[in-house]
Amino acid sequence: MTSRSDVSAVKAALRAQAIETPSWAYGNSGTRFKVFAQAGVPRTPQEKLDDAARVHQHTGAAPTVALHIPWDRVDDYAALARHAEERGLRLGTINSNVFQDDDYRLGSVCHPDAKVRRKALDHLLECVDIMDATGSRDLKLWFSDGTNYPGQDDIRARQDRLAEALAAVYERLGDDQRMLLEYKFFEPAFYTTDVPDWGTAYAHCLKLGEKARVVVDTGHHAPGTNIEFIVALLLREGKLGGFDFNSRFYADDDLMVGAADPFQLFRIMYEVVRGGGFGADVAFMLDQCHNIEAKIPAIIRSVMNVQEATAKALLVDADALSAAQAAGDVLAANAVLMDAYNTDVRPLLAEVRDELGIDPDPIAAYHRSGWAQQIVDERVGGTQAGWGA
C-alpha cells in the first residue's frame, strides 16, 4: 500500500513534469499518401504557439514548444521567443531539416558531393544560431541519409562524412547547449540507413563528448525491440538526451503516444524513474503526426497519456520489487510492476491538476473553452502550416 508521504512525493514529481509539444503537430500532416487539411489550422509559427498555449493551459505540463527549421523560420527569433513568453511558454528544441530539398536525394551530410554536404552543414550551423536567439538548449538532428541498393555508396566513407559534420556542429555549440542525435531503423533509405540504431548514435555521441546525447524515438525500432532496455542502458551511460514520444503499430506511424502499447510506455517510464532520468536532464518531447484527428485535443491526450504512464511508474513499490528480485521470486517481482500498471491513476492526476488550479478534465475543459470554434472563425485566408511550410 502506498503511504501518504509516498503519494505526496508522486504528486510533487507529477507537478514538476514538463512535456514539450512539437510545432509541426499543430499543422496539417499525414502519411506519404495524403495530408487531410483541417479548418482552423495555424498559418504562422505564432499561431502554432497560440495553440500550444492552450495545451499548456489545460494540462499544466507543456511549457515548451519545439521548432522545426525551415518550417518555423521567421525574421526575428527573439520576437518569436517573446511571443511565446507572453503566452506562458518557452521555445524549446530546435529541429533541423536536411531531408526535403532535392539536393538531398542521395543524402545530406553523408552525400558523396562535398557541395551538398556543405549546404547541409551550413543549415545545421544556422540552427545553432537560432538556438542562440531563442535561448534553446537542445539541437535535435535526424538524418534521412542512407542508400537503397548494395554498392550505391561506400558505407564506411559515409560514416566518416557523418562524423566530420557532427564534429563541426558540436564545436559550434555553446557551453549550455546540447546536440541530440536521433536514429531510425529504416525509411526513407531502404538498404542502409546512416544512423539506423541507438548503437550507431551512441558511438558517435561518445566520441563527440558530454554535450552529445542520444534521442529515443519510440516509433523508430524494429518490431519486437525492447525499448526500455535501450533506455536503461543509455541512462546508465549518461547518454540519454530525450525522447520523441509517439506510438506505432507497424512502422513509423507517429500516432498519439500510448495509443498502441500503453504498457510499453509504462515500462519505459519505469526505467526513466528507476535510472534517475526523471528531471531536467532528459527531455520529454512529443513527435506526432495527427492525420485524421483534431490537432489540439490529440496533443492534450498525448500529454495526459505520458502523465498517466509516469504516475504509474512512480507508484511502483521499489522496496517490494527489490526484495522479490533478490529472492529470485519471478512472479512476485512481476506482480509488483503489474500492480502499479493496473492502478487507476486518473483520480490522482485530477488532484494534481486541481492543486495546479486547472480543470481536472483537460479534454472537457478544452471543448468548453470555445477555442476550437474561435480559430475556425478567425483563421480564414492565408496558407495553412503543414509539411514543408
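One can find the structure itself at the top, above this paragraph.
Presented here is an overview of the structure given in this document. Quick caveat, the model's predicted, so the values are computed rather than measured. (Residues numbered from 1 in each chain as written. Predicted model: local features only at pLDDT ≥ 70, side-chain atom pairs only at ≥ 80, totals over all residues. Heavy atoms only, no water.)

**Here we look at the pattern of salt bridges**
So, point 1. Within this structure, the stated rule accounts for 32 salt bridges.
So, point 2. Measuring nitrogen to oxygen at the nearest pair gives 3.0 Å for the salt bridge that ties Arg-158 to Asp-194. With a gap of 36 residues between them, Arg-158 in helix 5 (residues 155-172) and Asp-194 in the loop between strand 7 (192-193) and helix 6 (198-208) connect regions that are remote in the sequence.
So, point 3. Residue Arg-158 is classed as buried on the basis of its relative accessible area, which comes to 1%.
So, point 4. A residue is classified by how much of its surface remains accessible, and Asp-194, at 4% relative accessible area, is buried.
So, point 5. One salt bridge in this structure joins Glu-187 and Lys-184, with 3.3 Å as the shortest N-O distance. The same class applies to Glu-187 as to Lys-184, namely buried.
So, point 6. Residues joined in a network through salt bridges with shared partners are Arg-137, Asp-138, Arg-178, Glu-210, Arg-213 and Asp-281. (Salt bridge = Lys/Arg side-chain N within 4 Å of Asp/Glu carboxyl O. Helix = DSSP H or I, 4+ residues; strand = E, 2+ residues; numbered from the N terminus. Buried < 20%, exposed > 50% of the residue type's maximum accessible area, 1.4 Å probe, protein only.)

**Overview of the packing of helix 8 (residues 262-274) against helix 11 (residues 330-341)**
So, point 1. Relative to each other, helix 8 and helix 11 sit at 110 degrees, their axes nearing to 11 Å. The angle between helix 8 and helix 11 falls in the class roughly perpendicular. Note on packing geometry: the crossing formed by helix 8 with helix 11 is right-handed. Across from Pro-262, Phe-263, Phe-266 and Tyr-270 in helix 8, the residues of helix 11 making contact are Leu-337, Met-338, Ala-340 and Tyr-341.
So, point 2. Of the residues assigned to the contact of helix 8 with helix 11, the class counts are 8 nonpolar, no polar and no charged. (Axes fitted to C-alpha atoms, helices over the stretch in contact; angles between N-to-C directions. Parallel < 35°, antiparallel > 145°, perpendicular 65-115°, else oblique. Left-handed = near helix turned anticlockwise from the far one by under 90°. Contact = heavy atoms within 4.5 Å. Nonpolar A, V, L, I, M, F, W, Y, C, P; charged D, E, K, R; others polar.)

**Thoughts on a nonpolar patch on the surface**
So, point 1. Taken together, the side chains of Phe-185, Phe-186 and Phe-190 present a nonpolar region at the surface, about 300 Å² in accessible area.
So, point 2. Accessibility expressed as a relative area gives 42% for Phe-185, which makes it partly exposed. (Patch = residues over 30% accessible without salt bridge, like charges linked within 9 Å, V, L, I, M, F, W, Y side chains within 5 Å. Areas by Shrake-Rupley, 256 points an atom, 1.4 Å probe, with all protein chains shown as cover.)

**Structural notes on helix 9 (residues 295-314)**
So, point 1. Here helix 9 contains 20 residues, and its C-alpha end-to-end distance of 29 Å stays within 8% of the 28 Å for a straight helix at 1.5 Å per residue.
So, point 2. Most of helix 9 is tucked away: 19 of the 20 residues are buried. (Expected span 1.5 Å × (residues − 1).)

**Considerations on helix 13 (residues 362-369)**
So, point 1. Within helix 13 the residues assigned to the buried category are Pro-362, Ile-363, Ala-365 and Tyr-366. Burial along helix 13 is one-sided: seen end-on, the buried residues are contained in an arc of 165 degrees. Across from the buried face of helix 13, at angles greater than 90 degrees, the exposed residues are His-367 and Arg-368.
So, point 2. The inward-facing, buried residues of helix 13 abut helix 2 (45-59), helix 9, helix 12 (346-355) and helix 14 (371-378). (Arc of directions from axis to C-beta.)

Such coordinate-based values are descriptive only and should not be taken to indicate function.
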